[in-house]
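Below are the chains, spelled out letter by letter.
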Amino acid sequence: EEALRAQLAYTHTIYQNAPVGLCVLDLELRYVRINERLAAMNGVSAKQHLGRTVREIVPHLADGTEAVGRQVIDTGQPVLNLEVDGVTAAQPGVIRTWLSSWVPLQAADGRVTGISLLVEEVTERKQMLQTLRESEEKYRRLFESMTDAFVRVDMTRHIIEFNPAYQALLGYTTDELRHL
């Protein structure tokens, strides 16, 4: 019994200090356990989650997340790295993005008894990637439309990149330039 208590305490410590949101849902998609990080993402205290359904806690996300939860329960197969966009009470009116993984909890006989859910907010990462893509597109348009010849070479003087003006100036094909 002491070993079990120690294991539960250890599990509790991991659960509460994880850098991601964690929860356990029962077969009715009610919160059985939740860490503070996920509770904060949802904008509802951890205590208020317990016994309540996903629909009650995050109604704007419920249609999609309930479908995923039912799929995991029905098939016994995990759904990993699912991107979810929406709003919660934590930031009403602000569309945020999460990456979630849904793993079935199974009894010894293989019967699904619930779901372990891991959630990571990736809103900032997604916004940074979008900004980076937009910057790359601007660079590419500028690079392609320059009337001055431009070439970029590596330390061994192999051509890495060139614009159409450079190609026109030398009169080589793209393949020929790449092998100079």
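Our subject in this report is the structure included herewith. The model shown is predicted, which means the values in this text are computed figures rather than measured ones. (Residues numbered from 1 in each chain as written. Predicted model: local features only at pLDDT ≥ 70, side-chain atom pairs only at ≥ 80, totals over all residues. Heavy atoms only, no water.)

**Concerning the overall build of the protein**
The helix and strand tally for the protein stands at eight helices and seven strands. The C-alpha atoms of the protein give a radius of gyration of 25 Å, which is well past the 16 Å a tight globule of 180 residues would have. For the protein, the residues scored as buried account for 32% of the 180 residues in total. For the protein, the share of sequence-separated contacts (at least 6 apart) that also reach a separation of at least 24 residues comes to 32%. Counting only carbon and sulfur atoms, one obtains 56% of the accessible surface of the protein, whose full area is about 11,800 Å². (Helix = DSSP H or I, 4+ residues; strand = E, 2+ residues; numbered from the N terminus. Rg over C-alpha atoms; globule rule 2.2 N^0.38 Å. Buried < 20%, exposed > 50% of the residue type's maximum accessible area, 1.4 Å probe, protein only. Contact = heavy atoms within 4.5 Å. Areas by Shrake-Rupley, 256 points an atom, 1.4 Å probe, with all protein chains shown as cover.)

**Points about the sheet that holds strand E3 (residues 79-86)**
Read from one edge of the open sheet, five strands run E2-E1-E5-E4-E3, paired in antiparallel fashion. Two strands in the sheet have a free side with no partner beyond their single neighbour: strand E2 (31-34) and E3. On average, each strand axis in the sheet is inclined to that of its neighbour by 25°, with strand direction left out of account. In terms of strand pairing, E3 meets strand E4 (residues 96-106) through six bridges, oriented antiparallel. Among the inter-strand pairings, Gly86 is bridged to a residue of E4, identified as Arg96. Running at roughly 80° to E2, helix H1 (residues 2-17) makes contact with strand E1 (21-25) and E2 of the sheet. Those strands touched by helix H6 (residues 123-145) are E3, E4 and strand E5 (112-121), and its axis lies near 130° from that of E4. (Pairing = 2+ DSSP bridges. Axes fitted to C-alpha atoms, helices over the stretch in contact; angles between N-to-C directions.)

**Quick word on the pattern of salt bridges**
Where charged atoms of side chains with opposite charge meet at close range, the side chains can pair. Following the criterion strictly, the structure yields 12 salt bridges and no others. Across the pair Glu83 and Lys126 runs a salt bridge, and its minimum N-O distance is 2.9 Å. Note that Glu83 is positioned in strand E3 and Lys126 in helix H6, a separation of 43 residues in sequence. The exposure class of Glu83 is partly exposed, given its relative accessible area of 43%. Under the relative-accessibility criterion, Lys126 is labelled partly exposed at 33%. Across the salt bridge formed by Arg125 and Glu120, the nearest N and O atoms sit 2.8 Å from each other. By sharing partners, the salt bridges in this structure join Glu136, Arg140, Glu144, Arg152 and Glu161 into a single network. (Salt bridge = Lys/Arg side-chain N within 4 Å of Asp/Glu carboxyl O.)

**Side note on the side chain of Asn42**
Position of Asn42 among the secondary structure elements: in helix H2 (residues 36-42). Judged by relative accessible area, which is 6%, Asn42 ranks as buried. Sequence-distant contacts of Asn42, that is, excluding residues within four places in its chain, are made with Tyr31, Ile34, His49, Ile57, Val58, Thr88, Ala89 and Ala90.

**As for the packing of aromatic side chains**
Using the criterion set out here, one finds three aromatic pairs in the structure. Aromatic pair Tyr139 and Phe143: ring centres 5.6 Å apart, planes at 25°, arrangement stacked. Of this pair, Tyr139 and Phe143 both sit in helix H6, four residues apart, which is roughly one turn of that helix. Residue classification places Tyr139 among the partly exposed residues on the basis of a relative accessible area of 33%. Residue Phe143 is classed as buried on the basis of its relative accessible area, which comes to 2%. For the ring pair Phe162 and Tyr166, a centre distance of 6.4 Å and an interplane angle of 45° mean the geometry is tilted. Accessibility assignment for this pair places Phe162 and Tyr166 in one class, buried. Clustering of aromatic rings is evident, with ring pairs tying together Tyr139, Phe143 and Phe150. The ring centre of Tyr15 lies 4.1 Å from the NZ or CZ of Arg33, which sits over that ring. (Phe/Tyr/Trp six-rings, centres within 6.5 Å; stacked < 30°, edge-to-face > 60°. Lys NZ or Arg CZ within 6 Å of the ring centre and 35° of its normal.)

It is worth stressing that arrangement in space is one thing and function is another; only the former is reported here.
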